[in-house]
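# Commentary on secondary and tertiary structure
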Amino acid sequence: MTRMTPFASPLLLGFDAMEKTLERLAKANEGYPPYNIERIRSGIADGHEKLRITLAVAGFSEDELDVTTEENQLVIRGRQIEQPERDYLHRGIAARQFQRVFMLADGMEVSSALLKNGLLSVDLVRPEPQRVVRKINISVSD
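Below or above, wherever it landed, is the structure these notes cover.

Definitions and cut-offs
Residues numbered from 1 in each chain as written. Predicted model: local features only at pLDDT ≥ 70, side-chain atom pairs only at ≥ 80, totals over all residues. Heavy atoms only, no water. Pairing = 2+ DSSP bridges. Helix = DSSP H or I, 4+ residues; strand = E, 2+ residues; numbered from the N terminus. Axes fitted to C-alpha atoms, helices over the stretch in contact; angles between N-to-C directions. Salt bridge = Lys/Arg side-chain N within 4 Å of Asp/Glu carboxyl O. Buried < 20%, exposed > 50% of the residue type's maximum accessible area, 1.4 Å probe, protein only. Contact = heavy atoms within 4.5 Å.

## Comments concerning the sheet that holds strand β3 (residues 65-70)
Ordered by their spatial adjacency, 3 strands build an open sheet running β3-β4-β5, and the pairing between neighbours is antiparallel. Lying at the two open borders of the sheet, with one neighbouring strand each, are β3 and β5 (98-103). Strand-to-strand twist of the sheet, defined as the mean angle between neighbouring strand axes without regard to direction, takes the value 15°. As paired strands, strand β4 (residues 73-78) and β5 are joined by 6 bridges and run antiparallel to one another. Each residue of the ladder has a partner; that of R77, found in β5, is Q99.

Next comes the structure, spelled out in structure tokens:
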């Protein structure tokens, strides 16, 4: 049985990477750590779209967090270092490692990352794409 996908149309050429991305996103559905995504209004006036991703990373220090970009993915990892000198009577703050992956559109760039009051904010910017019209010469063979 052949599986039909939305990108199987012969008019949609080169969208197989997008189809794989959508499948990957459908599988990644973990809710830790919680996050917000917001549009920064001041960025629209200068021709750049600005977004901010904020993750709740209570208990993580700067050394225990890693923010990287790999291809068109923003990857945020956290791994707390166990402190053997602590003797917890109750441990309600999660200390598990995590990895959050956000798919970025073409042209999106990470401009900064800030850790403050247990919140990690990652700012993204997408410059306005320049429209390019290119004339393709048609060659005639004899």
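## A look at the pattern of salt bridges
Applying the stated criterion across every chain yields a total of 5 salt bridges. The partner of D123 in a salt bridge is R52, and the shortest N-O contact between them spans 2.6 Å. Linking D123 in strand β7 (residues 119-127) with R52 in strand β2 (residues 48-56), this pair joins segments that are 71 residues apart in sequence. Of the residues examined, R52 reaches a relative accessible area of 26% and is grouped as partly exposed. D66 is the salt-bridge partner of R77, the closest N and O atoms lying 3.9 Å from each other. Note that R77 is positioned in strand β4 and D66 in strand β3, a separation of 11 residues in sequence. Taking the relative accessible area as the measure of exposure, D66 reaches 36% and is therefore partly exposed. One network of salt bridges, in which partners are shared, links R39, E49 and R126.

## Looking at the side chain of S121
Mapped onto the elements of the fold, S121 is located in strand β7. According to the relative accessible area criterion, S121 is buried, its value standing at 17%. With residues near it in sequence (within four places) discarded, S121 still touches R52, I53, T54, S112, A113 and L114.

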